[in-house]
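# Commentary on secondary and tertiary structure
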Amino acid sequence: MTDFKAMAAPGVQQLKPYIPGKPISELERELGIKNIIKLASNENPLGPSPKAMKAIQCEMDELALYPDGNGFELKKILAEKHDVDMDWITLGNGSNDVLVLVAEGFLTANDSAMYSQYSFAVYPIAIQAIGASHQMIAATSWDDERPLGCDLPAMKAAINNQTRLIFIANPNNPTGSFLQADELHDFISSVPNHVIVVLDEAYLEYSPENERVDGSQWLREFENLVVTRTFSKAYGLAGLRVGYALSHPDIANVLNRIRQPFNVNSLALAAAQAAVNDREFIQQSMEVNTLGMKVLENCCHRLGLRYVPSKGNFLLVDFGRDAMPIYQRMLELGVITRPVANYGLPDCLRITIGKEQEMMRLVAVMEQVCG
Ligand SMILES: *Cc1c(COP(=O)(O)O)cnc(C)c1O
C-alpha cells in the first residue's frame with residue numbers, strides 16, 4: 001500500500017483536522033432520541049433571515065447557470081454599507097474561505113503567522129497547510145481583567161522579521177473574550193507595514209450598534225489591515241457559506257488571484273444580498289442572544305461555575321473538572337454542546353445561546369448534571 005500520508009505536503013502531514021459540532025441527525029442515530037437541541041456551532045437559533053429565504057426561492061430557476069463570479073450585486077451593496085469602493089471587497093465561501101486565501105496569498109514555508117492561544121482553530125490549520133511557522137502567543141489568564149483573551153503587548157513584542165500575518169478574532173471564538181477599540185487601534189498602529197493584521201469580526205453584530213468595535217473604520221488608516229465578516233452567525237446563513245474580507249484593493253487583488261472563480265454559489269449570493277440590510281432581523285437576533293446569555297450566566301452563578309464574559313453568541317463555561325463526562329451526560333439528555341479540549345481547554349464546554357425555551361431546557365439539564 002502506498003503511504004499517501006508520507007506523500008502529502010510536509011505541513012499537511014502534521015495537520016489536525018477541524019472538529020465540528022455534533023450534528024442533530026448523528027445524535028438521533030446514535031441514541032435513538034428525539035427533541036434534541038444543538039447549542040454547539042454558534043448557529044442562529046432564529047433560522048435564516050426571512051428576506052434571505054425569499055430571495056433563494058426566486059433564484060432557484062437559475063440553478064443551471066454559473067453564479068456571477070465577481071459577485072457584482074452583493075459587492076455593490078457591501079461597498080455601500082461599508083463606504084468603500086467595490087475593489088476593497090473579497091467574497092468567500094464563508095469567511096473561512098477568505099481567511100485561508102489570506103494565508104495562501106501571503107505565507108510561504110519561510111514565513112510565520114501569529115495568533116493567540118485559544119483562538120479560532122481555522123488559523124493554525126490555514127498556517128499549517130502551507131507549512132509556515134506558528135507563533136502562538138499565550139492568552140491572558142483566568143485571573144486577568146479580561147480572561148483568556150489576546151495578550152496584545154506580548155504579540156507586539158513577538159513580531160520579528162519572519163512574521164507576515166497576525167490573526168485576531170474580536171470577539172474571539174471559542175472564548176468570547178474581546179478587545180476594546182483603543183487597545184486594538186494602538187496595537188495595529190504599532191505593527192510594521194510588512195505584517196498583515198487580519199481582524200476576524202464574525203460576531204460583531206451581537207454587540208449593540210453603539211458598543212461595536214468595528215475595525216472596518218480603520219481600513220483607510222492601515223493599508224495592512226484585513227477585516228473579515230460572515231453571514232453565518234447573526235444573519236443565520238451558515239449552511240450557505242458566504243463571508244467576505246474588506247481590505248486595501250492591493251491586498252484584495254492578491255486574494256482575487258487565488259480564489260476559485262465561482263467560490264460563492266448563486267443561492268448564497270442572492271440570500272446575502274437580501275439579508276445585508278435586514279436590520280430588523282439582526283436586531284431580533286441580538287435581543288434573543290442578550291436574553292439567552294443572561295439566562296445562562298445566571299445558571300452558572302447558581303451552580304458556582306466560572307465563565308469568560310462574552311460578546312459573542314456563546315459562552316465558555318469552566319466545569320472545574322474534565323468536561324467530557326458532562327458533555328456526554330448532556331448529550332444523553334438531548335443537549336449538544338461543544339467540547340474544547342482540542343483548544344487546550346479540557347475542563348470547559350462552549351455553549352451556544354439559543355431561544356428562550358432552549359435555554360430553559362439547557363438550564364434544567366445543567367442543573368441535573370452539575371447540581
Ligand atoms: C464562525 C466563525 C467564523 C465564520 O466562519 P464561516 O466560514 O464564515 O462560516 C469566522 N471566524 C470565527 C472566529 C468564527 O467563530
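Let us look at the structure shown here. What you see is a predicted model, and the numbers here were worked out from it, not measured in a lab.

### Some remarks on the overall build of the chain
- Of regular secondary structure, the chain possesses 14 helices and 13 strands.
- Relative to the 2.2 N^0.38 estimate, which gives 21 Å for 371 residues, the radius of gyration of the chain is 21 Å and therefore close to what a compact globule would have.
- Reported as C-alpha extents along the three principal axes, the dimensions of the chain are approximately 60 × 55 × 50 Å.
- Classification of the 371 residues of the chain by burial places 52% in the buried group.
- Total accessible area on the chain is roughly 17,000 Å²; 50% of this is exposed by carbon and sulfur atoms.
- If you average the places of the 32 positive and of the 44 negative side-chain charges in the chain, the two averages end up 4 Å apart.

### Describing the site of the ligand
- As a structural note, the neighbourhood of the ligand is formed by G94, S95, N96, F120, N173, D200, A202, Y203, T230, S232, K233 and R241.
- At a separation of 2.6 Å, an oxygen atom of the ligand approaches a polar side-chain atom of S232.
- Residues of the shell around the ligand, tallied by class, amount to three nonpolar, six polar and three charged.

### Notes on the side chain of Q128
- Here Q128 lies in helix α7 (residues 122-130).
- The buried category is assigned to Q128, whose relative accessible area is 16%.
- Among residues more than four places away in sequence, those in contact with Q128 are G11, V12, Q14, L15 and H134.

### A closer look at α7
- Regarding α7, the residues found buried are V122, Y123, A126, I127 and Q128.
- Looking at the buried residues of α7, the elements they touch are α2 (10-13), α6 (95-106), β3 (112-116), β4 (133-137), β5 (163-169) and β6 (196-200).
- Two residues or fewer past α7, G131 is found with a positive phi of approximately 85 degrees.

### Quick notes on the pairing of strand β7 (residues 225-230)
- Across the six residues that make up β7, a large majority, six, are buried.
- Burial of β7 is two-sided: the residues L225, V227 and R229 facing one way and the residues V226, T228 and T230 facing the other way are all buried.
- Across four bridges, the pairing between β6 and β7 is parallel. Paired with V197 across the bridge in β7 is L225.
- Sheet topology note: the β7/strand β8 (residues 243-247) ladder contains five bridges and is antiparallel. Residue pairing across strands places T228 opposite A245, the latter belonging to β8.

### Section: the pattern of salt bridges
- For the coordinates displayed, the defined rule picks out 13 salt bridges.
- Among the charged side chains, a network of salt bridges with common partners joins K22, E26 and E30.

### Brief notes about the side chain of S49
- Mapped onto the secondary structure, S49 falls in the loop between β1 (37-38) and α4 (50-59).
- Leave out the neighbours within four places in its chain, and S49 touches Y235, A275, D278 and F281.

### Focus: the packing of α4 against helix α11 (residues 266-275)
- Here α4 crosses α11 at 140 degrees, and the two axes come no closer than 8 Å. As the angle between them shows, α4 and α11 are arranged oblique. Where α4 crosses over α11, the two elements pack in a sense that is right-handed. On α11, the residues touching K51, A52, A55, I56 and E59 of α4 are S266, L267, A270, A271, A274 and A275.
- Residue composition of the contact of α4 with α11, grouped by class: eight nonpolar, one polar and two charged.

### Here we look at the pairing of β4
- Examined bridge by bridge, β3 and β4 share five bridges and lie parallel to one another. Each bridged residue has a counterpart across the sheet, and for A113 the counterpart in β4 is H134.
- Running through α7, the crossover from β3 to the neighbouring parallel element β4 is right-handed.

Reading the values: rules and limits
Residues numbered from 1 in each chain as written. Predicted model: local features only at pLDDT ≥ 70, side-chain atom pairs only at ≥ 80, totals over all residues. Heavy atoms only, no water. Helix = DSSP H or I, 4+ residues; strand = E, 2+ residues; numbered from the N terminus. Rg over C-alpha atoms; globule rule 2.2 N^0.38 Å. Buried < 20%, exposed > 50% of the residue type's maximum accessible area, 1.4 Å probe, protein only. Areas by Shrake-Rupley, 256 points an atom, 1.4 Å probe, with all protein chains shown as cover. Lys, Arg positive; Asp, Glu negative; His and termini not counted. Charge placed at Lys NZ, Arg CZ, Asp CG, Glu CD. Near = heavy atom within 4 Å. Polar contact = N/O pair within 3.5 Å; in protein donor to acceptor, adjacent residues only side chain to side chain. Nonpolar A, V, L, I, M, F, W, Y, C, P; charged D, E, K, R; others polar. Contact = heavy atoms within 4.5 Å. Pairing = 2+ DSSP bridges. Salt bridge = Lys/Arg side-chain N within 4 Å of Asp/Glu carboxyl O. Axes fitted to C-alpha atoms, helices over the stretch in contact; angles between N-to-C directions. Parallel < 35°, antiparallel > 145°, perpendicular 65-115°, else oblique. Left-handed = near helix turned anticlockwise from the far one by under 90°. Right-handed = clockwise from strand over helix to strand, strands pointing away.

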